[in-house]
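Fold and contact review
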Amino acid sequence: MKGLKQVSLYGLGGLILSVLGLGLFSEGAMAQAAYGSYVGVGGSVGLQEGGGASGVVAIRYRLLEVPISLRTQVLAGNGIAVVPTISYDIPINWETDAYIGAGVAFTGNEDTPVGNTTSFVLQPGIDRTFSNSNLVVFGNAIIAFDAYEDSNRTGFSLQGGVGIQF
């Protein structure tokens, strides 16, 4: 009987050490932001008077190790707007991440989908990559505050397109 208790105590001690070891040295499963920087092209539509439609070139440079990306969108139509932003990326699953960015819209004097003067912008969006491919689909909105010279209206545009990861 004494030998059985001793074996049981050793077995229980080994089980406790195993569980503690797994807890201390194993990594939890977490989704990671969609991997990869990309360059893409697509379309943009302004939802304010004079906004119209234009083409868009989108660039994302994802900083590794942190969920931050540097993004720039160039909207070209009747006028040209350059919209650089810094975004915080929120992983949804292994291939998709949502983001919220802040930056500045630089425009000329002509109407663009984000207004006709330099303005502060917020940029919510989503990126979706595809397994075994370098393709990415992107979509976002640009909300430009005080975006028109003649008034303090807000500019609002929607962009979408396809890109290639690098």
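Look up: the structure comes first, before these words.
Residues numbered from 1 in each chain as written. Predicted model: local features only at pLDDT ≥ 70, side-chain atom pairs only at ≥ 80, totals over all residues. Heavy atoms only, no water.

Re the packing of aromatic side chains
Rules: Aromatic rings from Phe, Tyr and Trp, with only the six-membered ring used for Trp, were paired whenever their centres fell within 6.5 Å, and each pair was classed as stacked if the ring planes differed by under 30 degrees, edge-to-face if by over 60, and tilted otherwise. Each helix corresponds to a stretch of at least 4 residues labelled H or I by DSSP, and each strand to a stretch of at least 2 residues labelled E; elements are numbered beginning at the N terminus. Throughout, exposure labels follow a simple rule: accessible area from a 1.4 Å probe, protein chains only, divided by the maximum for the residue type, with under 20% read as buried, over 50% as exposed, and the rest as partly exposed.
According to the stated counting rule, one finds 2 aromatic pairs in the structure shown. Ring geometry for Y38 versus F138: centroids 5.8 Å apart, planes at 20°, classification stacked. Here Y38 is found in strand 1 (residues 38-46), whereas its partner F138 is found in strand 7 (residues 135-145), with 100 residues between them in sequence. The same class applies to Y38 as to F138, namely buried. Ring plane angle 25° and centroid distance 6.0 Å describe the contact between F120 and F145, whose orientation is recorded as stacked. You can see F120 sitting in strand 6 (residues 119-129) and its partner F145 sitting in strand 7, a full 25 residues away along the chain. The partly exposed category is assigned to F120, whose relative accessible area is 45%. Assessed through its relative accessible area of 36%, F145 is described here as partly exposed.

Observations regarding the nonpolar core
Rule in force here: In these notes, a set of buried Ala, Val, Leu, Ile, Met, Phe, Trp, Tyr and Cys residues joined through side-chain atoms within 4.5 Å is what counts as a nonpolar core. Here, two residues are considered to be in contact whenever any of their heavy atoms come within 4.5 Å of each other.
Within the largest apolar cluster, 11 residues are counted, these being V56, L75, A81, V83, A105, V114, V121, I142, A144, A147 and Y148. Going through the elements one at a time, strand 4 (80-93) and strand 7 are the ones with two or more residues in this core. Leave out the neighbours within four places in its chain, and I142 touches Q73, L75, V83, V114, V121, L122, Q123, G155, F156, S157 and Q159.

Here's the deal with the pairing of strand 8 (residues 155-165)
Rules: For two strands to pair, DSSP has to find at least two bridges joining them.
Burial of the side chains of strand 8 is restricted to one face: G155, S157, Q159, G161, G163 and Q165 are buried, whereas none of F156, L158, G160, V162 and I164 on the reverse face is. Where strand 1 lies against strand 8, 9 bridges are found, and the strand directions are antiparallel. Directly across from V41, in strand 8, lies its bridge partner V162. In terms of strand pairing, strand 7 meets strand 8 through 10 bridges, oriented antiparallel. Within the sheet, the bridge partner assigned to I143 lies in strand 8 and is F156.

Some thoughts on empty space enclosed by the protein
For clarity, the cut-off: Two kinds of site are reported from a 1 Å grid over the protein atoms alone, namely cavities, where a 1.4 Å probe fits but cannot get out, and pockets, open sets with protein on both sides within 12 Å along at least five of seven lines, and residues are called lining when an atom falls within 4 Å of a point. Grid points are joined across faces, edges and corners, and a volume is the space filled by probe spheres set on the points. Ten residue types, Ala, Val, Leu, Ile, Met, Phe, Trp, Tyr, Cys and Pro, are classed as nonpolar, four, Asp, Glu, Lys and Arg, as charged, and the remainder, Gly among them, as polar.
Overall, the coordinates contain 2 cavities of 30 Å³ or more when judged by the stated rule. For the largest cavity, the full set of lining residues is Y38, A58, I59, R60, R71, T72, Q73, Y99 and N140. When residues of the lining of the largest cavity are traced back to their parent elements, those giving at least two are strand 2 (53-62) and strand 3 (68-76). Grouping the amino acids of the lining of the largest cavity by side-chain chemistry returns 4 nonpolar, 3 polar and 2 charged. Roughly 30 Å³ of internal volume is contained in the second largest cavity. When grouped by side-chain class, the residues that make up the lining of the second largest cavity number 2 nonpolar, 6 polar and 1 charged.

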